[in-house]
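Overview (structure and organization)
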Amino acid sequence: MKKKLISAAAHFVIRAVVGMALIFFIDQYVIPPEASINVGLNAVSFLTSGTLGIPGVGLLYGIMCYQIL
């Protein structure tokens, strides 16, 4: 039981760190600076990318695109 909990926590942290790195990379190098669809590096994006992984990062950018409509 304890191994399962540690494994789940490790997977969460790995997904969250990869997601935050992906958000940073997209914000810095893919999206132009004058665009208003940048996703910030904060607790909500950390939890979303940690819980959902890369699809969660896509969801964050989808929400930002939907907000500018």
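Residues numbered from 1 in each chain as written. Predicted model: local features only at pLDDT ≥ 70, side-chain atom pairs only at ≥ 80, totals over all residues. Heavy atoms only, no water.

**Brief notes about helix 1 (residues 2-30)**
What counts, and what does not: Segments assigned H or I by DSSP are reported as helices when at least four residues long, segments assigned E as strands when at least two residues long, and all are numbered from the N terminus. Multiplying 1.5 Å by the residue count of a helix minus one yields the expected span of that helix. Burial classes follow relative accessibility: with a 1.4 Å probe on protein chains only, a residue under 20% of its type's maximum area counts as buried, one over 50% as exposed, and anything between as partly exposed. Contact between two residues is taken to exist if any of their heavy atoms lie within 4.5 Å; hydrogens are not considered.
With 29 residues, helix 1 should cover 42 Å at 1.5 Å per step; its first-to-last C-alpha distance of 41 Å lies within 8% of that length. All of the buried residues along helix 1 are Ala16, Gly19, Met20, Ile23, Ile26 and Asp27. If you follow the buried residues of helix 1, they end up packed against helix 2 (43-52) and helix 3 (54-67).

**Quick notes on the side chain of threonine 48**
The line we're drawing: Any pair of nitrogen or oxygen atoms within 3.5 Å is treated as a polar contact; in protein, a donor-acceptor pairing is required on top of that, and neighbouring residues in sequence qualify only through side-chain atoms on both sides.
Positionally, threonine 48 belongs in helix 2. From its side chain, threonine 48 meets the backbone oxygen of valine 44 in a polar contact 2.8 Å long. Sequence-distant contacts of threonine 48, that is, excluding residues within four places in its chain, are made with Gly53, Gly56 and Leu60.

**Considerations on the nonpolar core**
Note the following rule: Here, nonpolar core means buried Ala, Val, Leu, Ile, Met, Phe, Trp, Tyr and Cys residues that are tied together by side-chain atoms lying within 4.5 Å of each other.
Core analysis: the biggest nonpolar cluster contains 10 residues, these being Met20, Ile23, Ile26, Ile31, Ile37, Val39, Val57, Leu60, Tyr61 and Met64. Elements represented by at least two residues in this core include exactly helix 1 and helix 3. For this core, the element with the highest residue contribution is helix 3, accounting for 4 residues. For valine 57, the residues in contact, after removing those within four places along its chain, are Gly19, Leu22, Ile23 and Ser49.

**Some words on the packing of helix 1 against helix 3**
Condition: Fitted lines through C-alpha atoms give the axes, limited to the stretch in contact for helices. The angle between two N-to-C directions lies from 0 to 180 degrees. For this classification, under 35 degrees means roughly parallel, over 145 means roughly antiparallel, 65 to 115 means roughly perpendicular, and everything else is oblique. We call a crossing left-handed when the near helix sits turned anticlockwise from the far one by less than a right angle, and right-handed when that turn is clockwise. Here the term charged refers only to Asp, Glu, Lys and Arg, the term nonpolar to Ala, Val, Leu, Ile, Met, Phe, Trp, Tyr, Cys and Pro, and the term polar to all other amino acids, Gly among them.
One can describe the packing of helix 1 onto helix 3 by two numbers: an axis separation of 9 Å at closest approach and a directional angle of 40°. Considering their axes alone, helix 1 and helix 3 lie oblique with respect to each other. The way helix 1 lies across helix 3 gives a crossing that is right-handed. Taking contact as the criterion, the partners of Gly19, Leu22, Ile23, Ile26 and Asp27 in helix 1 are, on helix 3, Ile54, Val57, Leu60 and Tyr61. For the contact of helix 1 with helix 3, the class distribution of residues is 7 nonpolar, 1 polar and 1 charged.

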